[in-house]
Amino acid sequence: MARAVTRQRKMINTAAAWAVGLLIFFPILWTILTSFKPEAQAIADPPIFLGFDWTLENYSVVMERSNYGRFLWNSIVIAGGSTLLGILIAVPAAWSMAFVPSKRTKDILLWMLSTKMLPAVGVLYPIYLLFIQFGILDSKIGLVIVLMLINLPIIVWMLYTYFREIPGEILEAARMDGATLKEEVLYVLTPMAIPGIASTVLLNVILAWNEAFWTLNLTAAKAAPLTAFIASYSSPEGLFYAKLSAASTMAIAPILILGWFSQKQLVSGLTFGAVK
Amino acid sequence: MGQIKLNQVSKSFGETEVIPPLDLTIEDGEFTVFVGPSGCGKSTLLRLIAGLEDITSGHIEIDGADATNVPPAKRGLAMVFQSYALYPHMSVRRNIAFPLKMAGVPADEQDRRITAAAQALNLTDYLDRRPGQLSGGQRQRVAIGRAIVREPSAFLFDEPLSNLDAALRVGMRMEISELHKKLETTMIYVTHDQVEAMTMADKIVVLQAGVIEQVGSPLELYRSPRNKFVAGFIGSPKMNLIEGAEAARHGVHTVGIRPEHIEVSSSDGLWQGKVGVAEHLGSDTFLHIHGIAGCDPMTVRVDGELPVRHGDTVFLTPNETHLHKFDAEGLRIG
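Please read all numbers here as calculations on a predicted model, not as lab measurements. (Residues numbered from 1 in each chain as written. Chains lettered and ligands numbered in written order. Predicted model: local features only at pLDDT ≥ 70, side-chain atom pairs only at ≥ 80, totals over all residues.)

Enquirer: What's the story with the interface of chain A and chain B in this structure? I'm lost.
Expert: Often, the extent of an interface is quoted as the loss of accessible area upon association of its parts. Contacts between the two partners involve 14 residues from chain A and, on the opposite side, 16 residues from chain B. Mapped by element, the contributors of at least two residues to the side of chain A that touches chain B are helix H8 (168–176) and helix H9 (181–210) of chain A. The element contributing the most residues to the side of chain A that touches chain B is H8 of chain A, with six residues. (Contact = placed C-beta atoms within 7 Å. Helix = DSSP H or I, 4+ residues; strand = E, 2+ residues; numbered from the N terminus.)

Okay, here's the thing in structure tokens:
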């Protein structure tokens, strides 16, 4: 029997969903609001919600003091590069695991995921030493490699899940129709997997963009991305909440906009395979 | 040309042998049906012929040439899958064109063949649609169209009608049979449905546990099944197999009699029993008779108008000329 949904019930559900959504979004909203306040009003007690003297001063100070463009460029290179490299490695890996699995495929997948259970700080020392050894400390290429490696299990898992949803018979049909392995991949599998690949790319760009542990520990000035840009405003000599908020807003703005425009893709990608 | 010859072909998955070595020849232009219960290896056998599975030992010859190590695309065979296996992101036209594109057929020749196939299969109005916008029957026609345009030496069908509803299945059955008459190309058709096998085949191959139980025309299999398995599998409703005293009277282990070869009387006959379930099909009625030693219930086919009710006592007499006799191993005698 279909469950009856009354109008009243629907309204309560909608209100509850909005409440939860606003609760989750509140810290970001507060950061954005604070970025438009003068320093004094930013730390006012009781806090001022909207009735403050709106100003763009924080932004101009931040722009003046630090080279936002360089941080932004570093973030784009590191997030984009690590995702691209990860996809290039993960597609063939997920492919073989999904379509020509061996007895150990499940074990390998679980083992890969288990590396995510290790606290990052546990391998900070060896990785730091390796970076010094190879001379890639504070370099973009070093961060691209590290972020690719830490996100690779997730990329492989996601792609594996998408590929598993593609019926093997379709690939066999392509083989019967005379397609070579390359043509099978190019004309049949890839077009069918594009939604999955796209949401994997999106999620990984977001993860890499927001990654703060490795980016803060392995960079100094040259390769520092936006996470370091934010961190530079939380100084021990005194807290400049408004400027810190302005820096945070500028750091998250690009990814927030990207996420907003691709939310449909992201949601469908993340729930893919959940209902069949 | 489309003669396919299997020579001591076997298949094992790891330690498990699913098809012990077997020999089989499918003649050019023949409509051959592989039939058997699920898990009998019929689909595996088809996939071995297609080249989608590697054979463990033996040889496959297509048109006299050894095709054992030839990749699927190079065998000149076209396959229609149970799930249709259409490319969901391509229009019907591009689906049908795909094998031609892979083969590098010139564009105008592609168009000519697609138009011809679409006309033959009533798909002309749907060429620009995606598979997702078609019904099950139309999708199956697209899959057949994709197979036809290649002009293969043989068609392989893997339970192509299983996903269709009963009415559509009958219609498509006829269409495929007519296609075979028209093209006169070898067709190998896998099904678990013995009605499909009986109605479509020139030659039926009955399989059980990877072993060929019998090869023959539909009527050969119906009239003289080689063993009890084939006797029970071919024919609907199933043949009644009687053991015990009644079989001993004929000097054998088991006797078999088809439901349509038993006479029913309300006054006298060889066996006496009580009517259980009666299935009324209109033209015929299938009676399930209880209380007959060695075969309970016994199925009998009678005229649709025969006035019998649940619990009635009836007398049955088998037509002796249609009696099948089997030994203790289940093999046919005589």
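Having seen the model, we can carry on.
Enquirer: What exactly am I supposed to notice about helix H1 (residues 7–34) of chain A here?
Expert: Every α-helix winds through 3.6 residues per turn, so residues three or four apart in the chain are directed the same way. All names here are of chain A. Between its terminal C-alpha atoms H1 stretches 38 Å, which fits the 40 Å expected from 28 residues at 1.5 Å a residue. Maximum bend of H1: about 50°, positioned at Phe-25, with proline Pro-27 one to four residues after it. The buried fraction of H1 amounts to one of the 28 residues, a small share that puts the element mostly on the outside. (Expected span 1.5 Å × (residues − 1). Bend = angle between axes of the 7 residues up to and from the residue. Buried ≥ 20, exposed ≤ 12 C-beta atoms within 10 Å, placed from the backbone.)

Enquirer: How should I be thinking about the domain arrangement of chain B in this particular structure?
Expert: Residue and element names in this part refer to chain B. For chain B, the assigned domains are domain 1 (4–228) and domain 2 (237–333). Domain 1 and domain 2 are separated by 37 Å when their C-alpha centres are compared. Taken together, the contacts link five residues of domain 1 with seven residues of domain 2. (Domains from an automatic or database assignment.)

Enquirer: Even after reading the chapter, I still don't get the sheet that holds strand S6 (residues 77–80) of chain B, so can you show me in this structure?
Expert: Two strands in a sheet stick together by hydrogen bonds in their backbones, pointing the same way (parallel) or opposite ways (antiparallel). Residue and element names in this part refer to chain B. On the basis of which strands lie adjacent, the open sheet formed by six strands has the order S6-S7-S8-S3-S9-S10 and mixed pairing. Each end of this open sheet is capped by a strand with a single partner; those strands are S6 and strand S10 (211–216). Along the sheet, successive strands turn relative to each other by an average axial angle of 15°, direction set aside. Direction of pairing for S6 relative to strand S7 (residues 154–158): parallel, over a ladder of four bridges. Residue pairing in the sheet places Met-79 in a bridge with Leu-156 of S7. (Pairing = 2+ DSSP bridges. Axes fitted to C-alpha atoms, helices over the stretch in contact; angles between N-to-C directions.)

Enquirer: Where do I start with the pairing of strand S8 (residues 186–191) of chain B in this structure?
Expert: Every regular strand shows the same layout, with side chains that alternate between the two sheet faces. All names here are of chain B. Burial runs high along S8: six of the six residues are buried. Both faces of S8 are covered, namely the face carrying Thr-186, Ile-188 and Val-190 and the face carrying Met-187, Tyr-189 and Thr-191. Bridging between strand S3 (residues 31–35) and S8 involves five bridges; their strand directions are parallel. If you follow Thr-32 over to S8, its bridge partner there is Ile-188. When S7 meets S8, the two strands line up parallel, connected through five bridges. Each bridged residue has a counterpart across the sheet, and for Leu-156 the counterpart in S8 is Ile-188.

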